[in-house]
Each structure stands twice: as C-alpha cells, then as structure tokens.
Amino acid sequence: MHQEDRALGLAPQTTDTRDMVAGAIDIAQGKPVQPITLVRPHAAARAARFFVEKFPGRSMYAVKANPSPELIQILWDNGITHFDVASIAEVRLVARTLPDATLCFMHPVKAEEAIAEAYFTHGVRTFSLDSLEELEKIMRATRNASDLTLCVRLRVSSEHSKLSLASKFGVAPHEAKPLLFAARQAADALGICFHVGSQAMTPEAYSDAMERVRAAIVDAAVTVDVIDVGGGFPSSYPDMAPPPLEHYFETIHRAFESLPISYSAELWAEPGRALCAEYSSVVVRVEKRRGNELYINDGAYGALFDAAHIGWRFPVTLLREPQSTVRDHPFSFYGPTCDDLDHMAGPFLLPADVQAGDYVEIGMLGAYGSAMRTAFNGFGSDETVIVEDEPMVSLYTEVEREAASNVVKL
Ligand SMILES: *Cc1c(COP(=O)(O)O)cnc(C)c1O
C-alpha cells in the first residue's frame, strides 16, 4: 500500500473516536498494551449480501451471536430487515438501533412482562414457544391478540453440529400435535421452527430436521404458514472447513418445497455465526512463553470463552515484520487472569520462534467471542479499531489473507 493511501486510511472516523487503519499488522506496529478488537465492516456486509441474495427465503439475524449496534446497522444497510431476539434487552437494543426493523422473539421460555413490552411497546408480533404453558402466557401477555405469528419449536437432532442445542428447548415431533393444534387456533400465522445446533457441518442436518417437521405436520394435520430452519450455518475454522453454504441453501430449498404446507408458506432462517464470525478478530500480546505455552493478554473471560470451554480452535497469525520464516509449531494459550481455567488448549499453530512481546491475531471472533467478554480480574478491554484488510478466512470470497497481506506491506 502506498504511503498516502495509508495516511488516508488512518484518517479519523467521522462520528466516533475510533481510527480506521489498513490492517492487523498496523495495529501490532503500534505496540498496544491491551488486547484490541479489530472489526471488518466489509466482511459483515459481504456475509449479509450473500444471505440476502442466495438464501431462498428470509434471513433474520440472531442477535445473540454479536449484539454490537454497529454490526446490526451494517447488516440492516445490506438488506437484513428481520432480527431474531431472545431477551427484552435485545428487543430494546434492536428497536432503538433500527426503529423500522422487524423483531421476532424466538426464545421459547420468556418472561410474561417481556412478552407484553415486546408486543405493546415495540410492535413484536412473532413469538416462539414449545409448550402449552408458554402459549397461554403469550395469549395472556398480549391480551389475546389476533395478529400473532406463533412458531412452535420442534426438537431435532444436533448430531451433525459442533454445539448441541437439542436438550434444552423444543417439543418432540410425536408430542407436537396438541401444541400445533392449539397454536393454530390462537395464531394469525402458524410457524414451525427448530435449531439443528451451531456450526452444522453438513446440509443433511437440515434435511433430517425437515423430515421431523413433515412428520409433525402430517400428524397434527394443521396448515403451516412459516417454516423457520433456525441457525447453525457454519463458518470456517482450522480443521472445520464446511461445504459451501450454497449446498445448505439448495438442500433446505428442496426439503421446503416438498413439505405439505400452504402454497404461500414462507421459509425463514436465523443465521447468527455465519453472518458475523468474520466481522472481528482480536490482536493480543504474548506476555510470556513457557515451552509450548504462551501467556497472552486475552482469554477465557475475554473473547476466548469458546476456545477455553469447548476447545474451539480459532485461526491465528503472528503479526511480525518481517514475517518469521521459522516453521509452525503447536502452542496452547494461557489467558491473563489468575484462574487455571483460563487456558486455551488449541493447538494453535504459530512460528516456532514466537516470543514474549510478539503480537498474535486471533481470527473469526465476531460470533460468540466479542459477545461474551467480561472484565473479570481487571483484564479485558473494549478498545475497537476498524480495519480494511481481509479476515484470515472467509466463506464469502476467494481472496486469501496471504494475498491481502502482501498488499498491506509497506
Ligand atoms: C443461537 C441461536 C441462533 C443462531 O445460531 P447460529 O448457530 O449462530 O447460527 C438462531 N436461532 C436461535 C433460536 C438460537 O438460539
């Protein structure tokens, strides 16, 4: 990149105090003491446009994956008009950020006060449920509203996914009949929703679930207006390269077309991870090296909850100029708190000569990374910088980081 382009890139943002810089390597050269979250608006915009253009139905963003107002605005600007919210705080957040957005309250167990506020104050009309008690609660809270879209959550298998969502919510398909029947009576529009589990590694997760939907519809003999296939769309991580998202979309479309539902029925999805994983990464400093263990300044209580607690492997890059030519070696990480649990087993592959004082970018933390940070033990930082370089991995472009980083080099 040319010097003057870089200077332009460094010009301050108009509305906030954050600077926009070319890329991760520039951040490392500033030798930050605190971990820094990098955000890539172009990556989130690209993911949103992909779903809007290619998913054969409506894509609504599952806000819990990353509730950042900036991200929500980017998704809206790129065609995402519907948002899956699960708490009254998420309802208020999206209503405040995007007054014209459509909110769907898709938590099957809600506080009655939350339902009432969502319905009467924020105009929410779509709710999910998995029990007759919840149906009664919704009807009470909305004073028997006649304009509701009620989505019955079915329990489906999580066997094709890395993170199960099969045990907590959902009515078993063979027990769904009374609930579908009662919801049909109460609803203006009746939906069936499910969640195959997060990071579904094969499209069959959805076709299998659709077979359960079919069984439930046939058994209950009700007219269904909405099929909501939930989230679970994967992103790319080391050792977890999923098939192209188009394959998922084709499988879902085919299964949807073959269901015994009304001619005008709608197909919905609730992608969380797939819309925001590439949106952000974190630049950390190595404070100490002990053999193959690196002590870094972010961890389990910061953006690396999943790396610590479910052994998720995120992509990593050593940010050093000139780049190290030493061969990669497997490392594990310790986070900054005094807690032994603050440990990320990895393995994370980094050049074998990595040492204290080096900076490492940990990628794909836009989903369930930034959203779960705490300030435990006085660590953690909110510092965020917008960057223009490519994420380390992308499902939405052929451009690999290698190519991009050559451009950034001065
Ligand atoms: C978490 C969640 C999502 C998003 O799941 P991803 O795996 O991130 O796509 C969608 N819908 C519901 C009901 C959820 O709980």
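Residues numbered from 1 in each chain as written. Predicted model: local features only at pLDDT ≥ 70, side-chain atom pairs only at ≥ 80, totals over all residues. Heavy atoms only, no water.

Asker: Any chance you could explain the packing of aromatic side chains here in plain terms?
Answerer: For any two aromatic rings, the description comes down to two numbers: the centre-to-centre distance and the angle of the planes. Inspection of every chain in the model, using the stated rule, returns 19 aromatic pairs. Between the aromatic rings of phenylalanine 50 and tyrosine 396, the centroid separation amounts to 5.0 Å while the plane-to-plane angle is 65°, which identifies the pairing as edge-to-face. Highlighted residues: phenylalanine 50 in helix α3 (residues 41–54) and tyrosine 396 in the loop between β19 (384–387) and α13 (401–408), separated in sequence by 346 residues. The pair phenylalanine 50 / tyrosine 396 is uniform in exposure class, with both members buried. (Phe/Tyr/Trp six-rings, centres within 6.5 Å; stacked < 30°, edge-to-face > 60°. Helix = DSSP H or I, 4+ residues; strand = E, 2+ residues; numbered from the N terminus. Buried < 20%, exposed > 50% of the residue type's maximum accessible area, 1.4 Å probe, protein only.)

Asker: I would appreciate a short explanation of the site of the ligand in the present structure.
Answerer: Close to the ligand lie 13 residues; Lys64, Ser198, Glu270, Arg273 and Tyr368 are nearest. Aspartate 84 places a side-chain nitrogen or oxygen 3.1 Å from a nitrogen atom of the ligand. Separating a nitrogen atom of the ligand from a side-chain N or O atom of glutamate 270 is a distance of 2.5 Å. Starting from 390 Å² of accessible surface for the ligand in isolation, the protein chains cover 91%. By residue class, the composition of the shell around the ligand is 3 nonpolar, 5 polar and 5 charged. (Near = heavy atom within 4 Å. Polar contact = N/O pair within 3.5 Å; in protein donor to acceptor, adjacent residues only side chain to side chain. Areas by Shrake-Rupley, 256 points an atom, 1.4 Å probe, with all protein chains shown as cover. Nonpolar A, V, L, I, M, F, W, Y, C, P; charged D, E, K, R; others polar.)

Asker: In this structure, what is going on with the domain arrangement of the protein chain? I would like to understand it.
Answerer: Parsing the protein chain into structural domains produces domain 1 (3–39 + 278–387) and domain 2 (42–276). With centres defined by C-alpha atoms, the gap from domain 1 to domain 2 works out at 32 Å. Taken residue by residue, the interface counts 16 residues in domain 1 and 24 residues in domain 2. Note on domain 1 versus domain 2: buried area summed over both sides is about 1700 Å², and carbon and sulfur give 60% of it. At the boundary of domain 1 and domain 2, one finds 1 salt bridge. Its salt-bridge partner being arginine 313, residue aspartate 239 comes within 2.2 Å of it at the nearest N-O pair. One can count 5 residue pairs in polar contact (both at pLDDT 80 or more) joining domain 1 with domain 2. Residues of the side of domain 1 that touches domain 2, tallied by class, amount to 10 nonpolar, 3 polar and 3 charged. (Domains from an automatic or database assignment. Contact = heavy atoms within 4.5 Å. Buried area = accessible area lost by both parts, 1.4 Å probe. Salt bridge = Lys/Arg side-chain N within 4 Å of Asp/Glu carboxyl O.)

Asker: Please explain the pairing of strand β3 (residues 58–62) as it appears in this structure.
Answerer: The side chains of a regular strand alternate between the sheet's two faces. Counting buried positions along β3 yields 4 of 5 residues, so the element is predominantly enclosed. Where β3 and strand β12 (residues 266–269) come together, 2 bridges link them in parallel fashion. Looking across to β12, one finds that serine 59 is bridged to alanine 269. Both β3 and strand β4 (residues 82–85) contribute to a ladder of 3 bridges, which runs parallel. Across the sheet, residue alanine 62 finds its bridge partner in β4, namely aspartate 84. Handedness of the crossover joining β3 and β4 through helix α4 (residues 69–77): right-handed. (Pairing = 2+ DSSP bridges. Right-handed = clockwise from strand over helix to strand, strands pointing away.)

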